[in-house]
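Single-letter residue listing:
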Amino acid sequence: MDKAFDLREREFNDRVNIALRSVAKEIMELNKDSSDVPPVRQLSSNYFIVSTNDTLHPYLLESLLDAEFRSRNLKTNFEYSIYDCFTDSLVFGGAVTLSEEPTTSAEPRVIPKWERDSHYFGVYFPDKDNYLISQMTIWVFSSSILLVVIIFFAYTLWVILKQKRLSEIKNDFINNMTHEFKTPISTISASAELLRTGNLDNNEEKRARYYQMIADESNRLKLQVEKVLQMAQFDTNEIDLNLQSCDLHELIKQAAGSVQILLEERQGKLKFELNATDHILKVDELHFTNIIRNLLDNAIKYCVESPAIVISSKDASNGISISVSDNGIGINAAQKKQIFEKFYRVPTGDVHNVKGFGLGLYYVRSLVEVHKGTVTVSSDSNGSTFTIYLPNS
Ligand code: ADP
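Cut-offs applied
Residues numbered from 1 in each chain as written. Predicted model: local features only at pLDDT ≥ 70, side-chain atom pairs only at ≥ 80, totals over all residues. Heavy atoms only, no water. Domains from an automatic or database assignment. Axes fitted to C-alpha atoms, helices over the stretch in contact; angles between N-to-C directions. Helix = DSSP H or I, 4+ residues; strand = E, 2+ residues; numbered from the N terminus. Left-handed = near helix turned anticlockwise from the far one by under 90°. Contact = heavy atoms within 4.5 Å. Nonpolar A, V, L, I, M, F, W, Y, C, P; charged D, E, K, R; others polar. Pairing = 2+ DSSP bridges. Phe/Tyr/Trp six-rings, centres within 6.5 Å; stacked < 30°, edge-to-face > 60°. Buried < 20%, exposed > 50% of the residue type's maximum accessible area, 1.4 Å probe, protein only.

### Thoughts on the domain arrangement of the protein
In many analyses, interface size is given as the accessible surface area lost on bringing the parts together. Taken domain by domain, the protein comprises domain 1 (2–135), domain 2 (160–235) and domain 3 (243–391). A C-alpha centroid distance of 82 Å is found between domain 1 and domain 3.

### With respect to the packing of helix 7 (residues 285–301) against helix 9 (residues 360–370)
The interhelical angle for the contact between helix 7 and helix 9, taken along N-to-C directions, is 145°, at an axis separation of 9 Å. By crossing handedness, the relation of helix 7 to helix 9 is classed as left-handed. From helix 7, His287, Asn290, Ile291, Asn294, Leu295 and Asn298 reach across to helix 9, where they touch Gly360, Leu361, Tyr363, Val364, Leu367 and Val368. Of the residues in the contact of helix 7 with helix 9, the class split is seven nonpolar, five polar and no charged.

### Some words on the sheet that holds strand 5 (residues 119–124)
Taken in spatial order, the five strands make up an open sheet running 1-2-5-3-4, and their pairing is antiparallel. Because the sheet does not close on itself, it has two edges, and the strands there are strand 1 (40–44) and strand 4 (89–96). For this sheet the average axis-to-axis angle between neighbouring strands, irrespective of direction, equals 25°. Sheet topology note: the strand 3 (residues 78–84)/strand 4 ladder contains seven bridges and is antiparallel. Residue pairing for strand 4: Asp84 is matched across the bridge by Ser89. Most of the contacts of helix 1 (residues 2–30) go to strand 2 (residues 47–52), to which it runs at about 20°, and overall it touches strand 1, strand 2 and strand 5.

### Some details on the packing of aromatic side chains
The description of an aromatic ring pair rests on the distance of the ring centres and on the angle between the ring planes. Throughout the structure, instances matching the rule amount to 10 aromatic pairs. When the ring of Tyr47 is compared with that of Tyr124, the centres are 6.4 Å apart and the planes differ by 65°; the resulting orientation is edge-to-face. Taken together, the positions of Tyr47 in strand 2 and Tyr124 in strand 5 put the pair 77 residues apart, joining distant regions of the chain. The exposure classification of Tyr47 matches that of Tyr124, with both residues buried. Here Tyr83 and Tyr120 contribute two aromatic rings whose centre-to-centre distance is 4.6 Å and whose plane-to-plane angle is 20°, an arrangement assigned as stacked. Taken as a pair, Tyr83 in strand 3 and Tyr120 in strand 5 lie far apart in primary sequence, 37 residues in all. For Tyr83, a relative accessible area of 3% corresponds to the buried category. On the basis of relative accessibility, which here comes to 0%, the residue Tyr120 falls in the buried class. An aromatic cluster is defined as three or more aromatic residues linked by ring pairs; in this entry it consists of Phe12, Phe48, Phe69, Phe78, Tyr80, Phe125 and Tyr131.

Here you go:
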């Protein structure tokens, strides 16, 4: 603010300087004087003087000053005097009201004298500070409008970028979903076709394998559909938790059972280190099992070698801490924050081969938070550990 005021003042001084120089020039032209235009001297913040080589008529000076100041938009009141070196007297010329406000000083001021051996005239601005402040108000006002415009513009840009990201996410999701659904559907239809056309030479073993394949794939399809439906429901409704005292160790084992087939397919191993002593907590059984299943699913999915998973529990302050560690591809630091976002999938590396909607961890975090808990992840190139903390009250 001070800086802005200084800037305004400097600009004011410059404008006064230019105006007074052109008044001096006009006077010299009227007097047919061809010498150099004299410099303008500023004796104080609001008092300026200009030497002249001859005596001056006050009315002439007033009309010249008036016209110059008006044309330079210096609309502040001023007083002027003329010094006559012959009589050594500073004669008050007059006070001119240029601004809409009358001058604040009731009496015309006696302009200080400047010792010199020639004629000069002085111009005094009694309301300079007020004038500058009023100019500042315009400046502050226009700056505020500019600020509002900039904020509005930034907001619009933000909305556009957000929309763009949302639309990208939506496309990714649709692609993923199509992919996820297409594979089981084509396996099912191919198996059904084989069974229908009877090209299996009545081989009972083969037949049973294809029936099993159809059953497995429809199950997978069912799970995928459930996942999406669960998400849609989860978005539109407040989650209604059915809290019951449950043995979390039992639920963990139950969830592990449901990923057993996946684990076997990959020749993986799952180790339990369930050391918490206080493992009876009030949770929603279905959601808690889903949380653990999602973490185990990921531990199996995002692993290049055979998965070696450890699921552990220990007592934590006023609650329990449950961790799922894997020997998978790990997550780099930049992506750690984003993996819990809805639809987010790490876009590079082997992950492309792994299918998913990017909803699992979003679900995990949201439900852990509804249980008033937290979920954190630590990861390096040897694998990742997801840790859930749940309070016991
Ligand atoms: P999805 O598995 O369907 O892609 P998630 O929300 O479960 O969605 O996971 C989000 C992303 O986080 C995954 O795409 C994956 O890149 C990364 N991720 C999750 N779990 C692991 C893990 N155990 N190891 C390495 N990366 C993981």
